[in-house]
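The primary structure of each chain is shown beneath.
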Amino acid sequence: MKRSQLDKYFREVGAKAPAPLRIYLTGGVLAWFYGKVRPTQDLDFALKTHASWDEVSTLLKTAALQEGIAVEFSEDISRWGMVGYSHYEKGARLYKSFGNPTIDYFVGISFLLDPVAWSVGKLSRYTSDDLADLVSVFRKQKPPLSAALRIWTQALLESPPSSEQGLFIKKVGDFLSRHGKDIWGRKFSAEKTLQNFHLLLRRKRS
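As a starting point, this report considers the structure included with it. Values in this document were obtained by computation on a predicted structure and should not be read as measured data. (Residues numbered from 1 in each chain as written. Predicted model: local features only at pLDDT ≥ 70, side-chain atom pairs only at ≥ 80, totals over all residues. Heavy atoms only, no water.)

**Some words on empty space enclosed by the protein**
As a reminder of what qualifies: Buried and open spaces are told apart on a 1 Å grid over the protein atoms alone, a cavity being a set of points where a 1.4 Å probe fits but cannot get out and a pocket being an open set with protein on both sides within 12 Å along at least five of seven lines. Residues with an atom within 4 Å of a point are the lining residues. Grid points are joined across faces, edges and corners, and a volume is the space filled by probe spheres set on the points. Elements are defined by DSSP. Helices are runs of H or I of four residues or more, strands are runs of E of two residues or more, and each kind is numbered from the N terminus. All residues other than Ala, Val, Leu, Ile, Met, Phe, Trp, Tyr, Cys, Pro, Asp, Glu, Lys and Arg, Gly among them, are scored as polar; the first ten of these are nonpolar and the last four charged.
Tallying each qualifying case throughout the model produces one cavity of 30 Å³ or more. Its volume calculated, the largest cavity comes out at about 40 Å³. Looking at the largest cavity, the residues that line it are Phe 10, Val 13, Gly 14, Leu 21, Ile 23, Phe 98, Gly 108, Ile 109 and Ser 110. Those elements that provide at least two residues to the lining of the largest cavity are helix H1 (3–16), strand E1 (21–26) and strand E5 (107–112). Residues belonging to the lining of the largest cavity are distributed by class as follows: six nonpolar, three polar and no charged.

**With respect to the packing of helix H2 (residues 28–35) against helix H5 (residues 128–141)**
Filter applied, for reference: Geometry is summarised by axes, namely lines fitted to C-alpha atoms with helices restricted to the contacting stretch, and by angles between N-to-C directions that run from 0 to 180 degrees. Take the far helix as the reference: if the near one is turned anticlockwise from it by less than a right angle, the crossing is left-handed, and if turned clockwise, right-handed. Contacts between residues were defined by any pair of non-hydrogen atoms, one from each residue, lying within 4.5 Å.
Close contact between H2 and H5 brings their axes to 9 Å; oriented N to C, the two are set at 35 degrees. When you trace H2 past H5, the crossing you get is left-handed. Contacts from Leu 30, Ala 31, Tyr 34 and Gly 35 of H2 reach H5 at Asp 133, Ser 136, Val 137, Lys 140 and Gln 141. For the contact of H2 with H5, the class distribution of residues is four nonpolar, three polar and two charged.

Next up, the structure:
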């Protein structure tokens, strides 16, 4: 997928949308924007609108079919995994606005999720491709370590109790141990960071 193809898709949607909407991009397309990794033909996003969901959904799917793009979307992408972060709108970065000239007040806006908010989904799945995306994006974006620990902790606190929580914590540990120095520098200590992570989680849970 090229950026011109992505923009064409959103222009098509914006020209026909019946009411204001906001789109929050996530998944592989964010790795493409932030980390310059492998191209993707899939488009994953959260959709916020007061219009008829069925009407807007049909529009999004029809436009995607015309452009040869596979789309997956929902109102709350934090529900896509057993561990999710519901405050993904915070810190999202504006990509572009796509207006409809026939409706003066309408603006279709696309956002890119904050890299750490995006990372929750990647850590939840943690396939080899997810890990490669995560490492590439974090190396380039250098998100604050404190923000990463805070958001990962919040994601665990928001999620229902399950065996996936323990796995998520282990995945965070694996990621930090294997790639922490590459991302945050030689002074990074995986052991100390993991201690802080567990301490923060215990404090928030108590």
